[in-house]
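Inside the fold
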Amino acid sequence: MNETPTTFNLIDQPWLPVATSEFQIREVSLVELFQTWETLRDIQADNPPTTLALYRFLLAILHRAYQGPCNTDHWEDIFEDNGQGAIAYLNQWRDRFDLLHPDHPFMQDPVLPLDKAVPIYTLHLMSAADKSYVFSHVHEWSGYSISLPQAARLLVRLQGVDITSLRAFYVGQSSGNRSAVNTPTINAANVLVRGSTLKQTLMFNLMRYDLDAEIPSVVAGADLPAWETGYGGKPQKAVPHGYINYLTFPWRRLRLFPENGGVSQLAITMGNSLPDQVALQQWECGVAYREDKPVRLSLTKQLWRDADTFLLSAEKQHRPRIVDWLAELKSEDLVDDVVTLQILGLSADQAKPLGWSWEQFSAPIQYMTDKELAQALKSAIAIAEEHQQVFRSFRGSPYFVLAEVLKYGEAGRLASALDGEARYWATLDRIFPELLSALPQDGQTGADGITRYGFKELPAWTDKVQAAARQAFTESIESIRNYQARSAALRTLEWKLADLRATPEEKNAKKAKAAAKKKGKVSQ
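Here's what I pulled together on the structure shown here. From a predicted model like this one, the values you see are computed outputs, not experimental measurements.

On to the overall build of the protein chain, then. From N to C terminus, the protein chain includes 19 helices and 16 strands. Across the 524 residues in the protein chain, those meeting the buried criterion constitute 52%. Pairs at least 24 residues apart make up 67% of the contacts formed inside the protein chain by residues separated by at least 6 positions. When the accessible surface of the protein chain is totalled, it reaches about 24,200 Å², and 49% of it is carbon and sulfur. Averaging the locations of the 55 positively and 62 negatively charged side chains of the protein chain gives two centres separated by 12 Å.

Set out below in structure tokens:
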């Protein structure tokens with residue numbers, strides 16, 4: 001039987017999972033991380049939600065330690081300091097990073113009693129709270145236990161990426177609301193700018209932090225991380241004092257109950273939440289917004305289909321603010337010409353976790369600094385999205401005609417069974433990176449001095465999209481032996497492709513002709 005230590009300080013004890021330059025995974029302490037971050041590749045936790053939560057935690061440390069960066073010069077100073085300021089800050093607040101501290105254990109509320117505790121396996125493995133076990137089939141009586149480093153990572157994850165659920169009442173409460181809300185990262189497409197080293201990744205995501213300019217948010221009072229002020233107290237509706245406070249907001253009340261050198265039980269109740277009608281957008285810097293709503297994480301949609309939302313700000317659409325800051329850093333030549341965006345998070349339906357996602361794509365940073373180029377990319381994506389209607393089952397569509405001739409009944413079920421759309425997107429997945437690289441080279445500067453893009457590449461992309469749609473649909477109906485049905489469907493396909501290929505002028509002329517024809521029939 002292992003004895004439980006009386007202290008486990010995260011500043012000195014290894015607990016952060018990192019990938020080395022040799023692609024080996026090992027655990028490091030907070031101090032070692034900032035001492036060696038130039039030689040480490042990235043954070044590699046057991047799952048993307050934990051990885052995301054750890055990055056946000058580390059960014060909060062950097063913002064608090066350096067009180068910035070307030071501008072590009074300050075960003076360079078932080079980069080050159082190479083983590084020494086962060087290490088000094090950690091040592092200053094050493095006792096607040098002790099997982100087992102008797103008075104203020106790290107990210108915990110020490111007043112929570114054992115009778116508020118639950119078996120830790122459901123939380124650690126993210127199984128559904130209603131016992132449907134989306135992710136886990138571990139039995140409640142299996143004696144599941146985790147190590148202290150795992151427990152530390154779990155605390156960070158629960159405060160940063162956790163789904164809504166009914167929890168125990170807080171101490172002294174016996175009625176009222178006890179539902180822990182979704183943390184803001186749930187269902188959102190959280191953007192992380194990736195560098196070639198852990199240091200670069202953290203620095204690229206270190207948002208401009210200027211209190212005087214109220215960037216990235218208004219500061220009301222002292223903008224402190226929750227580990228300085230405490231993670232305890234009766235849950236309440238509260239507004240974060242600023243960006244650092246938001247990154248460390250106590251969404252949960254937690255307490256570990258270690259025994260035999262590990263942890264098998266954890267007390268958890270609802271924590272703080274935001275007042276009604278208070279928008280997260282004023283603090284959140286790593287999420288794109290469309291019509292003031294965060295762009296959602298998709299477990300089925302290809303990432304590149306939302307690439308424009310991560311790269312372009314337009315009417316009713318705003319890219320993540322960290323991308324705005326990255327463009328500013330590029331203006332000072334502080335970042336590379338090609339940028340990699342990683343999108344990660346956890347998708348859930350109420351209290352049921354549906355799945356997590358970890359995807360990334362690379363693009364020339366010119367897309368972030370040249371609005372006309374990003375607009376051309378948006379047009380290219382719109383062309384691909386528009387062509388997906390070829391695979392729908394509405395009246396007059398190829399699949400509808402196929403079902404009609406076959407007397408199949410419901411065209412939607414036939415379209416779903418044949419699934420030509422999956423083939424279509426799989427083809428575009430392969431060729432989209434070529435467009436991403438070629439589009440910046442296809443610019444022409446007009447008399448107004450504005451460079452516009454896509455004069456050659458967009459028509460060529462349209463041809464490729466049409467070829468992909470044609471091939472995908474044709475392959476999807478190869479098993480249909482009714483020649484008449486196949487021929488009718490393929491004729492309808494070509495008609496639909498011709499309609500999609502038409503220029504706006506041709507489409508308007510066609511509509512005018514149809515309207516005139518209809519008017520003539522009425523007058524007769």
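Moving on, there is more to tell.
Another aspect to go through is helix 16 (residues 420–438). In this model, helix 16 (19 residues) spans 28 Å end to end at C-alpha, consistent with the 27 Å of a helix rising 1.5 Å per residue. Along helix 16, the helix axis deviates most sharply at Arg430, where the bend reaches about 35 degrees; the proline Pro433 sits within four residues downstream. Considered for burial, the residues of helix 16 that qualify are Gly420, Glu421, Tyr424, Trp425, Thr427, Leu428, Ile431, Phe432, Leu435 and Leu436. Along its buried surface, helix 16 packs onto strand 14 (352–364), helix 12 (366–369), helix 13 (371–386), helix 14 (398–406), helix 15 (411–418) and helix 17 (457–476).

Time to look at the packing of aromatic side chains. Per the stated rule, a full pass over the model turns up 18 aromatic pairs. Taken together, a centroid distance of 6.4 Å and an interplanar angle of 65 degrees make the contact between Trp15 and Phe106 edge-to-face. Of this pair, Trp15 sits in the segment before strand 1 (16–20) while Phe106 sits in the loop between helix 4 (84–92) and strand 4 (117–119), and the two are 91 residues apart along the sequence. Per residue, the accessibility class of Trp15 equals that of Phe106, and both read buried.

Our next topic: the packing of helix 16 against helix 17. Interaxial distance between helix 16 and helix 17 falls to 8 Å at its minimum, and their mutual angle equals 160 degrees. Judged on the interaxial angle alone, helix 17 and helix 16 are roughly antiparallel. Read as a crossing pair, helix 16 and helix 17 show a hand that is right-handed. Together, Gly420, Arg423, Tyr424, Thr427, Leu428, Ile431, Phe432, Glu434, Leu435 and Ala438 of helix 16 and Glu457, Trp461, Lys464, Val465, Ala468, Ala469, Ala472, Glu475 and Ser476 of helix 17 make up the contact between the two elements. Classifying every residue of the contact of helix 16 with helix 17 gives 11 nonpolar, 3 polar and 5 charged.

Let's shift gears to the nonpolar core. Counting 147 residues, the largest nonpolar core has Leu30, Phe57 and Phe97 as the members making the most contacts within it. Tallying contributions element by element places helix 2 (residues 48–66) first for this core, with 11 residues. Ranked by size, the runner-up nonpolar core spans 5 residues in total, among them Ala117, Tyr170, Phe257 and Ala267.

Another point: empty space enclosed by the protein. Going through the model one piece at a time under the given rule, you end up with 4 cavities of 30 Å³ or more. Reported here for the largest cavity is a volume of approximately 170 Å³. Broken down by secondary-structure element, the contributors of at least two residues to the lining of the largest cavity are helix 2, strand 7 (190–194) and helix 9 (243–247). If you tally residues by element for the lining of the largest cavity, the top one is helix 2, at 4 residues. The class makeup of the residues in the lining of the largest cavity is 10 nonpolar, 3 polar and 2 charged.

Sheet architecture is open: 3 strands sit in the order 4-9-8, paired in antiparallel fashion. Either end of the sheet is taken by a strand with one partner, and the two such strands are strand 4 and strand 8 (252–259). Neighbouring strand axes in the sheet, compared pairwise and without regard to direction, differ in orientation by 35 degrees on average. Here 3 bridges tie strand 4 to strand 9 (residues 262–270), and the two strands are oriented antiparallel to one another. Bridge pairing in strand 9 places Ala117 opposite Ala267. Sitting on the sheet, helix 6 (residues 148–160) is in contact with strand 8 and strand 9, with an inclination near 170 degrees to strand 8.

In contact at an axis separation of 10 Å, helix 13 and helix 17 are set at 20 degrees when each is read in the N-to-C sense. Relative to helix 17, the element helix 13 lies roughly parallel. Note that helix 13 runs across helix 17; the crossing there is right-handed. Here Ala376, Ser379, Ala380, Ile383 and Ala384 of helix 13 lie close against helix 17, whose contacting residues are Leu458, Trp461, Thr462 and Val465. Considering only residue class, the contact of helix 13 with helix 17 consists of 7 nonpolar, 2 polar and no charged.

Okay, the pairing of strand 14 next. Relative to strand 14, strand 13 (residues 338–349) runs antiparallel, the two being bridged by 12 bridges. Residue Ile343 lies in a different strand from strand 14, and its bridge partner there is Glu359. As consecutive antiparallel partners, strand 13 and strand 14 are separated by 2 residues, and within that stretch Gln350 has a phi angle of approximately 55 degrees, a positive value.

Basis of the calculations
Position numbers for residues count from 1 along each chain, tracking the sequence in the order it is written. In view of the model being predicted, local features appear only for residues whose pLDDT reaches at least 70, and side-chain atom pairs are presented and counted only at 80 or more, with totals across whole chains, interfaces and linings using the full set of residues. Heavy atoms from the whole structure form the basis of all side-chain values; hydrogens and water molecules are not counted. In DSSP terms, a helix is any run of H or I states spanning at least four residues, a strand is any run of E spanning at least two, and both are numbered starting from the N terminus. Burial classes follow relative accessibility: with a 1.4 Å probe on protein chains only, a residue under 20% of its type's maximum area counts as buried, one over 50% as exposed, and anything between as partly exposed. The criterion used for residue contact is that any of the two residues' heavy atoms lie within 4.5 Å. Only the protein chains shown count as cover for residues, with accessible areas throughout obtained via the Shrake-Rupley method and a probe of 1.4 Å. For the purpose of charge, His is not counted, nor are the chain termini; Lys and Arg are scored as positive and Asp and Glu as negative. Where a charge sits is defined by one atom per residue type, namely NZ (Lys), CZ (Arg), CG (Asp) or CD (Glu). Helix span is expected to be 1.5 Å times the residue number reduced by one. At every residue, the bend is computed as the angle between two fitted axes, covering the seven residues ending there and the seven beginning there respectively. Centre distance within 6.5 Å is the pairing criterion for rings of Phe, Tyr and Trp, where only the six-membered ring of Trp is used; planes under 30 degrees apart are then read as stacked, over 60 as edge-to-face, and the remainder as tilted. All axes here are fitted lines through C-alpha atoms, helices being fitted over the stretch that makes contact, and every angle between N-to-C directions spans 0 to 180 degrees. To sort the angles, those under 35 degrees are grouped as roughly parallel, those over 145 as roughly antiparallel, those from 65 to 115 as roughly perpendicular, and the leftovers as oblique. Note on convention: the crossing is left-handed when the near helix lies turned anticlockwise from the far helix by less than a right angle, right-handed when the turn is clockwise. Each residue gets one label: Ala, Val, Leu, Ile, Met, Phe, Trp, Tyr, Cys and Pro are nonpolar, Asp, Glu, Lys and Arg are charged, and the others, such as Gly, are polar. As used here, the term nonpolar core means buried Ala, Val, Leu, Ile, Met, Phe, Trp, Tyr and Cys residues forming a set that is joined through side-chain atoms within 4.5 Å. Site definitions follow a grid-based scheme: protein atoms alone, a 1 Å grid, a 1.4 Å probe that fits but cannot get out for cavities, and for pockets an open set with protein on both sides within 12 Å along at least five of seven lines, plus lining residues having an atom within 4 Å of a point. Grid points are joined across faces, edges and corners, and a volume is the space filled by probe spheres set on the points. A pair of strands is treated as paired once DSSP finds two or more bridges between them.

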